[in-house]
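Structural overview for review
Take a look at the letters that make up each chain.
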Amino acid sequence: MKKKTHLLLAGCILLAACKNEQAPAPVIPNEGLDCKVARIVTSYAEQAVQANCTSRGCHTGNIPRGRADFSSPDKLKAYITASRAVFVQRVTSAQADMPPSRFPALSKGMKDSIACWIEHGMPDQ
C-alpha cells in the first residue's frame, strides 16, 4: 500500500512540475502549425534557408541577374520586406516552386514555420 501511495505522490509531483512554456507549439489536426502560438525566430528561418536555398549554390549573392540574395539574415529580411508576395508565393504557399524540383521540396511544417516567422514580423528573438 505504501508503494502505491508513493507512486501516486510522485505522479502528482511530476504533473505539477510541468509548465506550458516547456510544451512544443500545438499543431491543429489537418491544419498544421498554429501560428498564433508558434514562436519562430530568425535563427530558425535562416538555418532552413541555408540548408535549402544557399547551400546548393543558389541565392548566395554570387549569382548575377537579380537572383535573390539570402546569404545573411539581413539580406533575407530585406528581400522579404521588398518582395514579400513573391517570396510567399514561391517558398511558403501550397503552390511553391522553390526549391526547384531537382531538389527535395520543403516540408509543410517548414513552410508553415517560415510563414509564421514572416507573419510575426521576422523576429530575431
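Residues numbered from 1 in each chain as written. Predicted model: local features only at pLDDT ≥ 70, side-chain atom pairs only at ≥ 80, totals over all residues. Heavy atoms only, no water.

- The name given to the chain in an unreviewed UniProt entry is Cytochrome c domain-containing protein, with Chitinophaga eiseniae as the source organism.

1. Some words on the packing of aromatic side chains
- A complete count under the given rule lists 3 aromatic pairs for this structure.
- Residues Phe-70 and Phe-87 carry aromatic rings whose centres are separated by 5.9 Å and whose planes lie at 75 degrees to one another, so their mutual orientation is edge-to-face. Residue Phe-70 is found in the loop between helix H2 (42-54) and helix H3 (73-82), and its partner Phe-87 is found in helix H4 (residues 84-92); the two are separated by 17 residues along the sequence.
- The class for Phe-70 is buried, based on a relative accessible area of 5%.
- In this structure Phe-87 comes out as buried when scored by relative accessible area, which is 4%.
- Ring centres of Tyr-79 and Phe-87 lie 6.5 Å apart, and the angle between their planes is 65 degrees; on these two criteria the pair is classed as edge-to-face.
- Tyr-79 sits in the partly exposed class, given a relative accessible area of 23%.
- Grouped by ring-pair contacts, the aromatic residues Phe-70, Tyr-79 and Phe-87 constitute a single cluster. (Phe/Tyr/Trp six-rings, centres within 6.5 Å; stacked < 30°, edge-to-face > 60°. Helix = DSSP H or I, 4+ residues; strand = E, 2+ residues; numbered from the N terminus. Buried < 20%, exposed > 50% of the residue type's maximum accessible area, 1.4 Å probe, protein only.)

2. Thoughts on the state of the cysteines
- The final tally for this structure, using the stated rule, is 1 disulfide.
- Between Cys-35 and Cys-116 runs a disulfide, and the two sulfur atoms are separated by 2.4 Å. Within this pair, whereas Cys-35 is found in the loop between strand E2 (32-33) and H2, its partner Cys-116 is found in helix H5 (residues 108-119), the two being separated by 81 residues in sequence.
- Residue Cys-116 is classed as buried on the basis of its relative accessible area, which comes to 4%.
- With no disulfide of its own, Cys-53 lies closest to Cys-58 among cysteine sulfurs, the gap being 8.3 Å.
- By relative accessible area, Cys-53 is classed as buried at 15%.
- Judged by its relative accessible area of 15%, Cys-58 falls in the buried class. (Disulfide = S-S within 2.5 Å.)

3. Topic: the environment of Ser-83
- Considering the arrangement of structural elements, one finds Ser-83 in the loop between H3 and H4.
- Classification of Ser-83 by relative accessible area gives partly exposed; the value is 22%.
- Counting along the chain gives 15 residues from Ser-83 to Ala-68, while the straight-line C-alpha distance between them is 9.7 Å.

4. Some remarks on the nonpolar core
- Grouped together as the largest cluster of nonpolar side chains are 19 residues, with contacts concentrated most on Phe-70, Leu-76, Ile-80, Phe-87, Ile-114, Trp-117 and Ile-118.
- Per-element tally for this core: the top contributor is H5, with 5 residues.
- Leaving out residues up to four positions away in the same chain, Ile-80 has contacts with Phe-87, Trp-117, Ile-118 and Met-122. (Core = buried A, V, L, I, M, F, W, Y, C linked by side-chain atoms within 4.5 Å. Contact = heavy atoms within 4.5 Å.)

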